[in-house]
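Chains, contacts and geometry: an overview
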Amino acid sequence: TAINTYVPPTTKPQPGDVSKWNEYLAYLIPDEQECYQFKRWCATLMARPDIRMSFAVLLVSNETGIGKSTAGEKVLAPIIGMHNTTFPSETDIVDSPFNSWIKGKRLAVVHEIYSGSSFKAVNKLKSFITDKFVEINEKFMVPMRMENFIHILACSNSENALKIDSKDRRWFVPTVSEERWPPEKWAEFLSWLSQGGLSIIAHWAETWTDYVLPGERAPMTKRKENIIDDSRSFAEKEAIDLFGSITLQGLEVALASKEFFEWATYKVKGQVYDKEKDLQKLAKERGFLLLNNGDRMFVRGALQTVSVSPNL
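Below is a short write-up of the structure. (Residues numbered from 1 in each chain as written. Predicted model: local features only at pLDDT ≥ 70, side-chain atom pairs only at ≥ 80, totals over all residues. Heavy atoms only, no water.)

**Details of the pairing of strand β1 (residues 56-60)**
- Counting buried positions over the five residues of β1 gives five, a clear majority of the element.
- Sheet analysis places β1 next to strand β7 (residues 171-172), joined by two bridges and oriented parallel. For Val57, the partnering residue across the bridge sits in β7 and is Phe172.
- As defined by bridge partners, β1 adjoins strand β6 (residues 151-156) across four bridges and the pair is classed as parallel. Paired with Leu58 across the two strands is Ala154, which belongs to β6. (Buried < 20%, exposed > 50% of the residue type's maximum accessible area, 1.4 Å probe, protein only. Helix = DSSP H or I, 4+ residues; strand = E, 2+ residues; numbered from the N terminus. Pairing = 2+ DSSP bridges.)

**Section: the packing of aromatic side chains**
- For the structure shown, the criterion picks out 19 aromatic pairs.
- Plain terms: the ring middles of Phe55 and Phe172 are 6.4 Å apart, the flat faces sit at 75° to each other, and that makes the pair edge-to-face. Within this pair, whereas Phe55 is found in the loop between α2 (32-47) and β1, its partner Phe172 is found in strand β7, the two being separated by 117 residues in sequence.
- The exposure class assigned to Phe55 is buried, which follows from its relative accessible area of 3%.
- Among the residues examined, Phe172 registers a relative accessible area of 1% and is labelled buried.
- Grouping aromatic residues by their ring pairs yields a cluster made of Trp21, Tyr24, Tyr27, Tyr36, Trp181, Trp186, Phe189, Trp192, Trp204 and Trp208. (Phe/Tyr/Trp six-rings, centres within 6.5 Å; stacked < 30°, edge-to-face > 60°.)

**Observations concerning the sheet that holds strand β12 (residues 306-308)**
- On the basis of which strands lie adjacent, the open sheet formed by three strands has the order β8-β12-β9 and antiparallel pairing. At either margin of the open sheet sits one strand with a lone partner, and together these are β8 (254-256) and β9 (289-290).

**Quick notes on the side chain of Ser54**
- Structurally, Ser54 is set in the loop between α2 and β1.
- The buried category is assigned to Ser54, whose relative accessible area is 13%.
- Excluding residues within four positions of it along the chain, Ser54 makes contact with Ile129, Thr130, Arg169, Arg170, Gly215 and Glu216. (Contact = heavy atoms within 4.5 Å.)

**Topic: a positive patch on the surface**
- Taken together, the side chains of Lys167, Lys275, Lys277 and Lys281 make up a positively charged region of the molecular surface.
- By secondary structure assignment, the location of Lys167 is in the loop between β6 and β7.
- The exposure class of Lys167 is exposed, given its relative accessible area of 59%. (Patch = residues over 30% accessible without salt bridge, like charges linked within 9 Å, V, L, I, M, F, W, Y side chains within 5 Å. Areas by Shrake-Rupley, 256 points an atom, 1.4 Å probe, with all protein chains shown as cover. Salt bridge = Lys/Arg side-chain N within 4 Å of Asp/Glu carboxyl O. Lys, Arg positive; Asp, Glu negative; His and termini not counted. Charge placed at Lys NZ, Arg CZ, Asp CG, Glu CD.)

**What about unusual backbone geometry?**
- The phi angle at Phe140 is positive, at roughly 65°, despite the residue not being glycine.
- Tracing the chain through its elements places Phe140 in the loop between β4 (133-136) and β5 (144-147).
- By relative accessible area, Phe140 is classed as exposed at 78%.
- Even without being glycine, Arg300 reaches a positive phi, approximately 50°.
- Checked against the element boundaries, Arg300 lands in the loop between β10 (297-299) and β11 (302-304).

**A short note on the packing of helix α1 (residues 19-28) against helix α6 (residues 183-207)**
- Following both chains from N to C, one finds α1 and α6 inclined at 115°, their axes separated by 8 Å at the closest point. Taken together, α1 and α6 sit at an angle that is classed as roughly perpendicular. Residues Lys20, Trp21, Asn22, Glu23, Tyr24 and Tyr27 of α1 form the contact with α6, whose own contacting residues are Lys185, Trp186, Glu188, Phe189, Trp192, Ile201 and Trp204. (Axes fitted to C-alpha atoms, helices over the stretch in contact; angles between N-to-C directions. Parallel < 35°, antiparallel > 145°, perpendicular 65-115°, else oblique.)

**Re helix α5 (residues 120-130)**
- Of all the residues in α5, the buried ones are Ala121, Val122, Leu125, Phe128 and Ile129. Buried positions in α5, seen along its axis, are confined to an arc of 120° and lie on one side of it. (Arc of directions from axis to C-beta.)

**A word on the environment of Val18**
- Locating Val18 in the fold gives a position in the segment before α1.
- When its relative accessible area of 15% is taken as the criterion, Val18 is described as buried.
- In this structure the C-alpha to C-alpha distance between Val18 and Leu198, which are 180 residues apart in sequence, comes to 9.7 Å.
- Sequence-distant contacts of Val18, defined by excluding residues within four places in its chain, comprise Trp192, Ile200 and Trp204.

**Regarding the nonpolar core**
- In terms of nonpolar packing, the biggest core is built from 46 residues, with Trp21, Tyr24, Phe38 and Trp41 touching the most fellow members.
- At the level of elements, α1, α2, β1, α3 (70-80), β3 (107-110), β6 and α6 are the ones that each hand at least two residues to this core.
- The biggest single contributor to this core is α6, with 10 residues.
- Leave out the neighbours within four places in its chain, and Phe38 touches Leu25, Ile29, Val57, Leu59, Ala71, Leu153 and Phe172.
- Counting 27 residues, the second largest nonpolar core, distinct from the first, contains Ala56, Leu58, Val110 and Ile228. (Core = buried A, V, L, I, M, F, W, Y, C linked by side-chain atoms within 4.5 Å.)

As structure tokens, then:
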């Protein structure tokens, strides 16, 4: 026996001119390809509740008042239903032992997230983004295992919003505009939303054809690459600068692992918490090749792995 507790949205799709929605999105995410990917995510969320997307969205701009949360709060939430939406704070997500905010919801809009100093937020959100079932822990209630339907749209005014590693597949981070929309544009857009625009957007989503596929990975973006680089350790940042300099100058260089690790320790003027394998993997990402299939060889009397620059 099962009871379906899902309550459908009340916004009824109606055909109409969707140009104001497209204009807002083009302003918010200037890169055409990244804007298209965000449209896919929004359309899938609104029109295909049967599809469980495997990645969340992070909208980051250093400038305030850009309108990042407008997409979630004033468009997506009303269309899929405010009863299907939750607005957790960063504290609710990162520090609280309770997660009732996820129970029976399809969308979580996080207005401001800033956990760039650690992987704590990213690690805690991993299961919510991709797992089919999650354990719900409510205050004064026995924990229960429930099917997971949540999708996360997070916003931040800092590029250090999240600490993301290079293997991440769960976050789509488009480059958001840093220039504010004129007040008259905002007035026109918000007025249109209240006068039937939401129904038109809902119809647009229903007639969209290129929906996000189940299990699809988050597209890589330049902004995400920057966040990944900012999330790296001091030793990794020094190594990236070294690899870039070697490649840019076209030098023929071989890097022996132990000596390279000693160099990294010297550069950061302290203890290096990365392992030799981490730095080797970073070298490979930057186009360096491992000699002898990565097997160790004698270099100056010690067994070491050796990475060589592209030119060598």
